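So the chains spell out like this:
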Amino acid sequence: MDQTTDTLYQFNADAYLKSIDPELHFYERLEIPLDEDHFEIGWEKISVSKVWVTKGPKNCQIHADIQSLTLGEDVTKEITPDQYRRFLDYKGEKRRLNMFLEIWKDLVWMKREKATKHVDLRVTPDLYEELCKGAKASKKTLSDYCRDILKGKVPKAALSDEETKLVMELVALRSDTAHLRNAMAGHLSGLTKEKRLALLIEGKSFAWWRDYIKKSLIILLNFSNKLG
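All of the points below concern the structure found in this document. Within each chain, residue numbers correspond to sequence positions counted from 1 in written order. Per-residue local features of the predicted model are confined to residues with pLDDT of at least 70, and side-chain atom pairs are confined, for both listing and counting, to 80 or more; whole-chain, interface and lining totals are unaffected and use all residues. With hydrogens and water excluded, all non-hydrogen atoms of the structure serve as input to the side-chain values.

### Here's the deal with the packing of helix H2 (residues 81–89) against helix H3 (residues 93–103)
- Running from N to C, H2 and H3 cross one another at 150°; their axes reach a closest spacing of 9 Å. In terms of orientation, H2 lies roughly antiparallel with respect to H3. Residues Gln83, Arg86, Phe87 and Leu88 of H2 form the contact with H3, whose participating residues are Arg96, Met99 and Ile103.
- Split into classes, the residues belonging to the contact of H2 with H3 amount to four nonpolar, one polar and two charged. Axis lines are fitted to C-alpha atoms, over the contacting stretch for helices. Their N-to-C directions set the angle, which ranges from 0 to 180 degrees. The numbering of helices and of strands both runs from the N terminus, where a helix is a DSSP run of H or I of at least 4 residues and a strand a run of E of at least 2. Orientation is classified from the angle alone, with under 35 degrees giving roughly parallel, over 145 giving roughly antiparallel, 65 to 115 giving roughly perpendicular, and any other angle giving oblique. Only heavy atoms matter for contacts: two residues are in contact if any of them lie within 4.5 Å across the pair. Residue type decides the class: Asp, Glu, Lys and Arg count as charged, Ala, Val, Leu, Ile, Met, Phe, Trp, Tyr, Cys and Pro as nonpolar, and the leftover types, Gly among them, as polar.

### Examining the pattern of salt bridges
- Note on definitions: salt bridges are taken to be side-chain nitrogens of Lys or Arg within 4 Å of carboxyl oxygens of Asp or Glu. Inspection of every chain in the model, using the stated rule, returns eight salt bridges.
- Across the pair Arg86 and Asp82 runs a salt bridge, and its minimum N-O distance is 3.0 Å. Taken together, the residues Arg86 and Asp82, both in helix H2 and four residues apart, mark about one turn of the helix.
- Only protein chains enter the area calculation, which uses a 1.4 Å probe; residues under 20% of their type maximum are buried, those over 50% are exposed, and those in between are partly exposed. Using a relative accessible area of 32% as the deciding quantity, one classes Arg86 as partly exposed.
- Salt-bridge contacts for Lys140 lead to Asp148; the nearest nitrogen and oxygen are separated by 3.3 Å.
- Look at Lys140 and you get partly exposed, because its relative accessible area is 36%.
- Residues participating in the shared-partner salt-bridge network are Asp21, Glu23 and Arg112.

### A look at the layout of surface pockets
- Cavity means a closed set of points on a 1 Å grid over the protein atoms alone, one where a 1.4 Å probe fits but cannot get out, pocket means an open set with protein on both sides within 12 Å along at least 5 of 7 lines, and lining means a residue has an atom within 4 Å of a point. Grid points are joined across faces, edges and corners, and a volume is the space filled by probe spheres set on the points. There is about 670 Å³ of room inside the largest pocket.
- Lining the largest pocket we find 19 residues, and of these Val119, Ser143, Cys146, Arg147 and Leu150 sit closest to its centre.
- Of all the secondary-structure elements, those providing two or more residues to the lining of the largest pocket are helix H4 (125–138) and helix H5 (142–150).
- It is H5 that contributes the most residues to the lining of the largest pocket, six residues altogether.
- Of the residues that constitute the lining of the largest pocket, the class distribution is eleven nonpolar, three polar and five charged.

### As for the nonpolar core
- Here, the term nonpolar core denotes a set of buried Ala, Val, Leu, Ile, Met, Phe, Trp, Tyr and Cys residues that are joined through side-chain atoms within 4.5 Å. Membership of the largest hydrophobic core comes to 27 residues, with the highest contact counts inside it found for Phe26, Val48, Val51 and Phe100.
- Among the elements that take part in this core, H3 stands out by supplying five residues, more than any other.
- Val48 has contacts with Asn12, Ala13, Asp14, Phe26, Ala64, Asp65, Ile66 and Phe100, leaving out every residue within four places of it along the chain.

### Regarding a nonpolar patch on the surface
- Only residues above 30% relative accessible area that lack a salt bridge enter a patch, with like-charged residues linked at up to 9 Å and the nonpolar side chains Val, Leu, Ile, Met, Phe, Trp and Tyr linked at up to 5 Å. Surface accessibility in these figures is a Shrake-Rupley result with a 1.4 Å probe; residues are shielded only by whichever protein chains are displayed. Together, Val119, Leu121, Val123, Leu127 and Tyr128 give the surface a local cluster of nonpolar side chains, amounting to about 500 Å² of exposed area.
- Residue placement: Leu121 occurs in the loop between strand S6 (108–112) and H4.
- On the basis of relative accessible area, Leu121 is assigned to the exposed category, the value being 64%.

### Some words on the side chain of His25
- If you trace the backbone, His25 turns up in strand S2 (residues 24–33).
- In this structure His25 touches Leu17, Lys45, Trp109, Met110, Lys111 and Glu113, once residues within four positions along its chain are discounted.

### Here we look at H2
- Among the residues of H2, those classed as buried are Gln83, Tyr84 and Phe87. Down the axis, H2 shows its buried residues gathered within 105° of arc, on one side only. The directions considered for the arc are those from the helix axis to the C-beta atoms.

### Digging into the packing of aromatic side chains
- Two rings from Phe, Tyr or Trp (for Trp, the six-membered ring) form a pair when their centres are within 6.5 Å of each other. A pair whose planes differ by under 30 degrees is stacked, one over 60 is edge-to-face, and the rest are tilted. If you walk through the whole model with that rule in mind, you get four aromatic pairs.
- When the centroid spacing of 5.0 Å and the interplanar angle of 55° are considered together, the rings of Phe100 and Trp104 count as tilted.
- The class of Phe100 is buried, set by a relative accessible area of 0%.
- In textbook terms, an aromatic cluster arises when at least three aromatic residues are bridged by ring pairs, as seen for Phe26, Phe100 and Trp104.
- For a Lys NZ or an Arg CZ to count as sitting over a ring, it must be within 6 Å of the ring centre and within 35 degrees of the ring normal. The aromatic ring of Trp52 is capped on one face by Lys50, whose charged end is 4.3 Å from the ring centroid.
- Cation over ring: Lys111 sits above Tyr27, and NZ or CZ is 5.1 Å from the ring centre.

So this is what it looks like as structure tokens:
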């Protein structure tokens, strides 16, 4: 690497990937020759530690410390000044990782490691029933649910269809309430207190809003009942 370049930003790709999902890994895409005219695609797990960008007097580059059987430790590619600026400006490592993968898309891939090993574990009938209930509540298969527990994750119960509908109603209620507030401010501005009350209670222009408020109260009551 040209020592005159100025390293401005770097991040650890392996560490970030592990923070997302321990089963995600980087792989090098290999073309394995079968004969003179044919080859098959193979995958080798690799380590990608430090990733950084530099800007020199003539060009911009992105670098990566990659540990594999075929790649050197400092793998470098030229990038555009726009890519260099975006890499520096990105606030989260996810977008920098996506840029890294896009630039090296013919060489480095990110994939989830396949589950190839089998573990036979005997449990009591009560524990089995408990695990089945937890998997059903989380809307996961029993295998995925148990795998999450073994990885130290705490599976969360998924929302039922009724609960999902209720949440969507609450989201819509928040948005419509803002419209109601704006409409009330426009219609009631400049009126006396008596005229405002009369318009809200009996005015035709507020008939739809009165019905909506009744409906909203029913939604909130249902939500309150769900909370117990």
